Amino acid sequence: MIVRGLHFSFAAHQDAALATLYYPGDDQRLGEARLTGQVPALATDAPWPVVVLAPGINVAPDGYRWLAHRLVPSGLCVVTYAAIGSLGPAGRGITPGLDLAALAPDTIGTRPSATALGPLLAALAEMSGADDTAVAGHLDLSRVVVGGHSAGGAMALHNSDPGWVSGLQAVFAYAAHTMVATTLGHGEATVAPVPAKVPVMLLGGADDGVIAASRDRYRGDEGIHDPVRRTFAEAIDRQDGDSWLVELADAGHFAICRPVDATSGRSFLEPGAAGANSGVGELLGDLIAAFTADSLGRPAALSLERLVGHQLVQHWDRR
């Protein structure tokens with residue numbers, strides 16, 4: 001088995017978007033791809049559940065390719081994407097696709113705020129239904145896990161309702177929370193409820209310089225600013241024992257990116273991010289793989305119960 005990628009575009013409502021679907025390729029059929037590069041799928045474990053990785057603001061999706069390589073060999077396919085849309089005062093750039101009007105005080109929680117997820121899943125369904133693609137008939141869109149980084153993780157959390165995202169089985173987020181900006185009309189330090197009709201995993205780094213530097217968006221007081229822990233404690237009304245909070249020591253905002261792209265985004269807020277502890281990345285991959293497997297009812301190489309005992313786990317909780 002080898003990991004292969006199919007590149008495609010889709011329209012995220014008003015925004016153009018580029019995506020890559022990573023899938024298990026059949027390394028015994030490379031001869032058929034000699035001229036096209038389109039390696040036939042390894043159909044042994046097909047159809048595969050789909051894991052969507054939503055990007056942070058101005059974080060190129062190539063930074064998440066390592067996670068696709070970590071997940072695909074376990075019989076999954078993984079799709080990364082980048083929509084190019086409005087970033088408010090920051091102009092235009094890479095976005096996971098968020099409808100900010102849906103996050104206003106009078107509308108939040110009443111309708112989906114994801115603008116790219118629906119069109120992306122529709123594009124995948126079309127790709128799987130076509131006869132001329134390497135993954136024809138091999139995508140199981142009734143089993144979807146949505147994960148994200150930073151703003152992409154917030155998008156996943158705010159849309160954790162299968163009624164809003166077809167086939168949704170679970171969501172996970174790294175360096176993300178549902179504390180909402182005061183510019184949207186919310187009171188200071190307001191944490192918005194998460195629909196949480198599926199299992200949720202909240203992952204964070206103990207040395208997140210970006211979240212620390214962003215506190216002015218949410219509050220002007222001197223109170224403790226820990227929106228990730230508050231999101232788990234206050235926003236997730238789920239008590240089924242399948243939702244997790246895991247905080248990693250020696251990990252910053254970009255621990256989920258490999259490599260860290262210092263040319264865009266706000267990685268300059270964490271000067272040491274590029275040299276982050278490599279063990280953090282390995283543990284992060286293991287945690288996401290185990291949570292995804294559990295949520296899909298599949299065997300996992302390592303259990304979450306064992307992984308949260310790792311020396312790099314500074315704090316964890318379960319509900």
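Here's the deal with the nonpolar core
Grouped together as the largest cluster of nonpolar side chains are 57 residues, with contacts concentrated most on F8, F10, L21, V52 and V146. Here the element with the most residues in this core is helix α2 (residues 117–129); it accounts for six residues. Residue contacts for L21: discarding those within four places in its chain leaves R4, G5, L6, F8, C77, V78, V79, L124, M127, V135 and L139. Within the second largest apolar cluster, 42 residues are counted, among which are V51, A68, V72 and A175.

Section: the pairing of strand β2 (residues 15–25)
Counting buried positions along β2 yields nine of eleven residues, so the element is predominantly enclosed. Judged from the eleven bridges that link them, strand β1 (residues 2–12) and β2 form a sheet pairing that is antiparallel. Looking across to β2, one finds that A11 is bridged to A16. What sits between the antiparallel neighbours β1 and β2 is a turn of two residues, in which H13 has the positive phi angle 60°. In this sheet, strand β4 (residues 77–86) lies alongside β2 in antiparallel orientation, the contact comprising seven bridges. In the strand pairing of β4, L18 is matched with A82.

Brief notes about the environment of D261
For D261, the position within the fold is in the loop between β9 (244–248) and α6 (278–295). Take D261: its relative accessible area is 35%, and that puts it in the partly exposed class. In the structure, D261 is positioned 211 residues away from V50 in sequence and 26 Å away in space, judged by C-alpha atoms.

Quick word on the packing of aromatic side chains
On inspection of all chains with the given rule, the structure shows four aromatic pairs. Plain terms: the ring middles of Y23 and W48 are 6.4 Å apart, the flat faces sit at 25° to each other, and that makes the pair stacked. Taken as a pair, Y23 in strand β2 and W48 in strand β3 (residues 48–54) lie far apart in primary sequence, 25 residues in all. A relative accessible area of 0% places W48 in the buried class. Within the aromatic cluster, the residues linked to one another by ring pairs are F8, F10 and Y81.

The rules behind the values
- Residues numbered from 1 in each chain as written.
- Predicted model: local features only at pLDDT ≥ 70, side-chain atom pairs only at ≥ 80, totals over all residues.
- Heavy atoms only, no water.
- Core = buried A, V, L, I, M, F, W, Y, C linked by side-chain atoms within 4.5 Å.
- Buried < 20%, exposed > 50% of the residue type's maximum accessible area, 1.4 Å probe, protein only.
- Helix = DSSP H or I, 4+ residues; strand = E, 2+ residues; numbered from the N terminus.
- Contact = heavy atoms within 4.5 Å.
- Pairing = 2+ DSSP bridges.
- Phe/Tyr/Trp six-rings, centres within 6.5 Å; stacked < 30°, edge-to-face > 60°.

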